[in-house]
Amino acid sequence: MRRLLIQRLVSAVFVMLIASFLSFLLLFYAPGNPAETIIRQQSGLDPTYAEIELFMKRHDLNRPFLVQCLQWLYLLTHGKLGVSLRTGEPVLEEFTARFGATFQLAVAAMALSVIIGLPIGVFAATKPNSLFDHIIRVVSLAGVSIPEFWLGLMLMLCFSLALGWLPCFGHGTVRHLVLPMITLAVGITASLMRFVRTSMLEVLNLDYIKTAKAKGLREVVIVWKHALKNALIPVVTILGTQVGHLLAGAVIVETVFSWPGIGKFFVDSIYARDYPVIQGFVLIIAAIYVLVNLLVDILYVYLDPRVRYEGRS
Amino acid sequence: MQLKMKGFLRTVTIALISLFLISVAAGCAKTGDQTPATKGEKVLRLGAVKDFKEAIEGQNLVFERFVGVDREGNTVPQLAESWDVSKDGKIYTFHLRKGVKFHNGTVLDASAAKFAFQWIANQAPFGRYIEKVETPDNNTLKVYFKEYYAPFLLDLASGWTSPVICPEAVEPVGSVDGKLTNFIGTGPFKLVDYEKDKQAVLVRNDDYWGNKPKVDKVIWKTIPDPHAQIVALKAGEIDMIGITEHHSSIPYVEVPGLRKAGIKVEETSYGRYQVLEFNCQKEPFNDKKVRLALNLAIDSEKMVKELFGGLPEPAYTITAPWFKYGPSNVKQKYGYDPEKAKQLLAEAGWKDTDGDGILDKNGKPFVFELLIPAGEANADAVAVFVQSELKKIGVQMKLLTLESGAAWDRSKKGEYDMFVHHSFCLPSIPGGIAIG
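The residue numbers shown here count from 1 along each chain, following its written sequence. A letter from A marks each chain and a number from 1 marks each ligand, given out in the order of writing. Two thresholds apply to this predicted model, a pLDDT of at least 70 for residue-level local features and 80 or more for giving and counting side-chain atom pairs, whereas whole-chain, interface and lining totals are computed over all residues. Side-chain numbers come from the whole structure's heavy atoms, not from hydrogens or water.

As annotated in an unreviewed UniProt entry, chain B is Peptide/nickel transport system substrate-binding protein from Desulfofundulus thermosubterraneus DSM 16057. We quote the UniProt Subcellular location (unreviewed entry) comment for chain B here in full: "Cell membrane". Here is the UniProt Sequence similarities (unreviewed entry) comment for chain B, exactly as written: "Belongs to the bacterial solute-binding protein 5 family." UniProt positions are given in the numbering used here, feature names are shortened, and annotations may be inferred rather than shown by experiment.

In the nomenclature of an unreviewed UniProt entry, chain A corresponds to Nickel import system permease protein NikB from the organism Desulfofundulus thermosubterraneus DSM 16057. UniProt annotates chain A under Subunit (unreviewed entry) with the comment "The complex is composed of two ATP-binding proteins (NikD and NikE), two transmembrane proteins (NikB and NikC) and a solute-binding protein (NikA)." As recorded by UniProt, the Subcellular location (unreviewed entry) comment attached to chain A reads in full: "Cell membrane".

As C-alpha cells, then:
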C-alpha cells in the first residue's frame, strides 16, 4: 500500500505539472490576448494600443513563452500560484474562496445520485426485462439526455416562480441547495442506474450466487450483501471518473443558479485568457482528480479482498 | 492615435442596426409589500450578470471621478468644481469641490486628490505624458504635461481607469501603485458588505455632496444567467434588472412577456449600436458601389421591427446623433432599394452569368464570410436576416462564429470580409466618452 501511495504521489506531481503546462501552452498560442479581452470585458471599451501595452507590461505578459513558464515554476516552488490578471487577487485565494461552494454542490449531487441511483439500479437488475426495468431504462435515457441549463430553468420556473417554494438563486441555506443539487444529480443518477444494473446483472449470474441460492439464503441477503459488494467495484470506478463530469456540469448549473463556485469563474478566466488562473486551477483540479482516483483504488481493497497492491509481508 | 484613426476609416460601416438600450424592469407594483421585512427601510435589490467588483456599473455607485461627462459628450464638473487649461494645453488647474469626504471620513483635500490622481496616472493611458503634479493650496491640483494630450479630460472621466479613491483604499496604504483593496470612494453609496460572486450590500452615504439617493440600501445580487434573472424578477426575489449592465443582457424577445407580467419596462437609448463592418481593403468590398449596394439591399426598419419588437432603432450614422461631435444634421438614409442595389452591383461588374442565382465577376461567385464573435448578443438573428436579404440580390453570405478572443484577433489582423460587433465608446471612436 505504501508503495502505491508513493508511486501515485510522484506521478501526481508530473500529471499536475504537465496538465497546467499544456493548458498554458495551448492558450498562449491560441488567438486572443488577455489585455484586450480583460479591458474590453471590464470597461466595455475598445482598448487603445497604449492601454494594451501598459497592461501587458504591468503583468509581465510581453515576455517570451518560456520565460513566463519559468517564472511560473519559480513562483510555484515558493508555494505561490500568482495573481489573477482579471481580479488582481491571488489565484489560490480565488480558488479557496469558491471551491467550498462547488464542493458542497458536487458532494450533495453525488450523494443524491447514489441514494437514488443505486437502489433503483439494483431493483432493475433483480427483475430484468420487467415493466419496472423498461420504465427505468426510458427514465435513465431521458435523464442522461436532458441538458442541464434547460432542466435548471424548468425547475426554477416550476418551484420558484409558480409554486414559490424555493429560491431561484443564491447560496447559503439548504433551501438554496435543493434545485442546483437536483439539476446536477439527474444526469449522474441516470448513468449510475444503468451501470449498477449492468454490473449487478453480471454478478447475479455468477456461480457463487447460484451456490448461495442453493444454500437457501434469502433473496434480500444475496442481492444486497453478497452480490452488491462485488457489483460495486465497477460502479466505484465510474463514480471516480464522474468527478470530472461533476466539475463540468457545475459550470452550467452554477451559472443558471448563480452558485458562487469555481466553475463559472474558471470558464470566464479561459475566455479572458487569464493565464495564472487557468494554470493554477488546472494544477489544483488535476491534483483533486489524482487524489480521487487514488481513493478509488484504495476503496477496491475494502470492496474486494483479492485486490492487493503489494506482496504479502 | 493617428494609426488608430486610419484603422477605423479603413472599415466603413454598413447597416448600423440597433441603438443599444437598457431595459430596466422594476417590480414596482410589488415593492410595496416586500419592504416591511426590514422595518421601513427602502431596499433596492438589483440583479446583475457580473460580480459587483467586476462591473463598472457597480464601481460607479461607490467611486466618482474628478470630471464627468454628459450625454452629449461634454465634460462636466464632478469632484473638480472647475478647471483652467493653460494656453498651450499643457497645464491643467483643477479646483476641487469643497467639503467632500470619503466614506471613511478622510477629507478630499489637495493631498488626497494628488494621491488619487497619481494612482490613476499609473493605470490610465495619459499617465506617461504627465510631468508633475502640484498642490498650490489645499483645494487646488495642478497637473503639468510633458506634451499636449488631447483626450486627457475624457480619460479622466472614465470610470474604468479613473476612479477617485482614498489613500486608505489601497494596499499598501497610501502607495500610488498600490492595489485597490477597499472600496472607499466619495460616491452616493458606501460598500458595507461584499461576498465574491454572490452579493454586495451598499448603504446610502448620508454625507454625499450631491443629490442624496432616495433608497437606504442597495443590494447587488450576482445572477449570471439572464433567464434566471427574469425568473427571479417575476418571483419577486429582486426588484430591478438590466440597469447593472452597459450592454443589456435581457433578451429583446422577453420584453413583451415582462410587460404582460405587470413589470414596468423602461428603455433608454444611450447611443450604442451594433454594426456590420466591411473590410474595405479586400475584394469585394474595396469597391464603394458594392458597399452601397449591400446597404440598399438590407431593410433595417423591417429587421429592427421583426427581430427586436421595434425596441431598438435602426441607426444610420456611426455616432449617436446627439453626440457633440456627431453629425446631428444627417437626414439622409440609405433606405431600402433592392433594385438599385442590383443595378449598382451590375455597374461594379457583378452579374449572374452562369445562371446559378449567385452573382459572379471574372468567374468568381459573390460569396463572402461574416465573422461573428461567439456570444455577441443578437448576432445570430441579425446574421440570418441579413443573409436572407442578400440572397435576394444574388449575394451569398456565409457565417463564421469564432470564440470571442479569436474573432477579435482576426478582425485586428484584417482577416475577414465582414465583422459584426457592438460599439464600445460613445460614440465608437478613439477617445470617445466612456459609459457611465
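That covers the picture; the talk isn't over yet.
Undergrad: When you look at the overall build of chain A in this model, what are you seeing that I'm missing?
TA: For the purposes of this entry, the term helix denotes a DSSP run of H or I that reaches at least four residues, the term strand denotes a run of E that reaches at least two, and both are numbered from the N terminus. For chain A, the count of helices and strands is 12 helices and zero strands. Over its C-alpha atoms, taken along the principal directions, chain A stretches across nearly 85 × 65 × 30 Å. Out of the 313 residues belonging to chain A, those deemed buried represent 47%. Positive charges are assigned to Lys and Arg, negative charges to Asp and Glu, while His and the chain termini are left out of the count. Think of each charge as sitting on NZ of Lys, CZ of Arg, CG of Asp or CD of Glu. In chain A, which carries 26 positive and 19 negative side-chain charges, the distance between the mean positions of the two groups comes to 13 Å. Buried, partly exposed and exposed residues are distinguished by accessible area as a fraction of the type maximum, computed with a 1.4 Å probe on protein chains only: under 20%, between the cut-offs, and over 50%, respectively.

Undergrad: Sorry if this is basic, but what is going on with helix H9 (residues 300-308) of chain B here?
TA: Residues and elements named next belong to chain B. Among all positions in H9, only Ser300, Met303, Val304 and Phe308 are buried. Mapping the buried residues of H9 onto a view down its axis gives an arc of 95°, with all of them on the same face. Those residues of H9 that are exposed and angled more than 90 degrees off the buried face are Lys305 and Glu306. Looking at the buried side of H9, the elements it contacts are helix H11 (379-392). Think of the arc as the fan of directions from the helix axis to the C-beta atoms. Any two residues having at least one pair of non-hydrogen atoms within 4.5 Å are treated as being in contact.

Undergrad: Looking at this model, I keep getting lost on the nonpolar core. Mind explaining?
TA: For soluble globular proteins, the rule of thumb is that nonpolar side chains tend to be buried together. Grouped together as the largest cluster of nonpolar side chains are 95 residues, with contacts concentrated most on Met200(A), Leu294(B), Leu345(B), Phe366(B), Phe368(B) and Leu390(B). Among the elements that make up this core, the one with the highest residue count is helix H10 (residues 219-256) of chain A (13 residues). Two domains each provide a minimum of three residues to this core, namely domain 1 (10-24 + 271-422) and domain 2 (31-47 + 187-241) of chain B. Only buried Ala, Val, Leu, Ile, Met, Phe, Trp, Tyr and Cys residues count toward a nonpolar core, and they belong to the same one when joined by side-chain atoms within 4.5 Å. Counting 52 residues, the second-largest nonpolar core is a separate cluster that includes Ala55(B), Leu61(B), Val133(B) and Leu202(B). Domain start and end points were adopted from an automatic or database domain assignment.

Undergrad: I'm lost on the layout of surface pockets in this one. Help?
TA: A water-sized probe rolled over the atoms picks out the places where empty space is left. Residues are said to line a cavity or pocket when one of their atoms sits within 4 Å of a point; the points come from a 1 Å grid over protein atoms alone, cavities being sets where a 1.4 Å probe fits but cannot get out and pockets being open sets with protein on both sides within 12 Å along at least five of seven lines. Grid points are joined across faces, edges and corners, and a volume is the space filled by probe spheres set on the points. Approximately 1500 Å³ is the volume attributed to the second largest pocket. Surrounding the second largest pocket, 50 residues form its lining, His59(A), Ser84(A), Leu85(A), Thr87(A) and Gly88(A) being those nearest its centre. Elements that contribute at least two residues to the lining of the second largest pocket include exactly helix H2 (34-43), helix H3 (49-58), helix H4 (65-77), helix H5 (91-126) and helix H12 (275-303) of chain A together with helix H3 (56-62), helix H4 (110-123) and strand S11 (179-180) of chain B. Looking at side-chain class alone, the lining of the second largest pocket contains 22 nonpolar, 15 polar and 13 charged residues. Amino acid classes used here: Ala, Val, Leu, Ile, Met, Phe, Trp, Tyr, Cys and Pro are nonpolar; Asp, Glu, Lys and Arg are charged; the rest, including Gly, are polar.

Undergrad: Looking at this model, I keep getting lost on the pairing of strand S21 (residues 418-422) of chain B. Mind explaining?
TA: Moving residue by residue along a regular strand, the side chains alternate between the two faces of the sheet. Residues and elements named next belong to chain B. Extensive coverage of S21 is indicated by the burial of five of its five residues. Here S21 shows no split at all, with Met418, Val420 and His422 on one side and Phe419 and His421 on the other all buried. For two strands to count as paired, DSSP must find a minimum of two bridges between them. Note: strand S19 (residues 367-373) against S21, two bridges, orientation parallel. Along S21, the bridge assignment pairs Leu371 with Phe419.

Undergrad: Looking at this structure, I do not really get the environment of Met193(A). What am I missing?
TA: Residue and element names in this part refer to chain A. Tracing the chain through its elements places Met193 in helix H8 (residues 174-204). A relative accessible area of 5% means that Met193 is categorised as buried. Remark: the alpha-carbon pair of Met193 and Val107, spanning 86 residues in sequence, is separated by 18 Å. Excluding residues within four positions of it along the chain, Met193 makes contact with Gly117, Ile120, Gly121, Ile136, Val139 and Ser140.

Undergrad: Help me out: how do you make sense of the environment of Leu76(A) in this one?
TA: Residues and elements named next belong to chain A. Among the structural elements, Leu76 can be located in helix H4. For Leu76, a relative accessible area of 22% corresponds to the partly exposed category. Through-space distance from the C-alpha of Leu76 to that of Gly280 is 9.3 Å; in sequence the pair is 204 residues apart. Residues within four places of Leu76 in sequence aside, it is in contact with Leu17, Leu81 and Leu283.

Undergrad: Got a minute to help me understand the interface of chain A and chain B in this structure?
TA: How big an interface is tends to be reported as the loss of accessible area on association of its parts. Across the contact, 44 residues belong to chain A and 41 residues belong to chain B. Accessible-area loss on putting two parts together, using a 1.4 Å probe and summing over both, is the definition of buried area adopted here. Across the chain A/chain B interface, buried area totals approximately 3800 Å², and carbon plus sulfur atoms make up 60% of it. Between Lys or Arg on one side and Asp or Glu on the other, a salt bridge is scored when a side-chain nitrogen of the former is within 4 Å of a carboxyl oxygen of the latter. For the pair chain A and chain B, the interface holds six salt bridges. Between Glu403(B) and Arg273(A) there is a salt bridge whose closest N-O contact spans 2.6 Å. Secondary structure elements with two or more residues in the side of chain A that touches chain B: H2, H3, H5, helix H7 (148-162), H10 and helix H11 (262-271) of chain A.

Undergrad: Mind showing me how you'd approach the packing of helix H1 (residues 2-29) of chain A against H12(A) here?
TA: Residues and elements named next belong to chain A. One can describe the packing of H1 onto H12 by two numbers: an axis separation of 8 Å at closest approach and a directional angle of 150°. Here H1 is positioned roughly antiparallel relative to H12, judged by the angle of their axes. Here H1 runs over H12; the crossing is right-handed. Taken together, the residues of the contact of H1 with H12 sort by class into 19 nonpolar, four polar and two charged. The angle between two axes is taken between their N-to-C directions and runs from 0 to 180 degrees, where each axis is a line fitted to C-alpha atoms and a helix contributes only its stretch in contact. The labels follow the angle: roughly parallel below 35 degrees, roughly antiparallel above 145, roughly perpendicular from 65 to 115, and oblique for the rest. A crossing counts as left-handed when the near helix is turned anticlockwise from the far one by less than a right angle, and as right-handed when that turn is clockwise.

Undergrad: Any chance you could explain unusual backbone geometry here in plain terms?
TA: Leave glycine aside and you will find that most residues have negative phi; peptide bonds, for their part, are mostly trans. Residue and element names in this part refer to chain B. The omega torsion of the bond from Glu171 to Pro172 falls at -5°, within 30 degrees of zero and hence cis. Among the secondary structure elements, Pro172 is positioned in the loop between strand S10 (170-171) and S11. That bond from Glu283 to Pro284 is cis: its omega, -5°, falls within 30 degrees of zero. Non-glycine residue Asp197 carries a positive phi angle of around 60°. In this fold, Asp197 is placed in the loop between strand S12 (189-195) and strand S13 (199-204).

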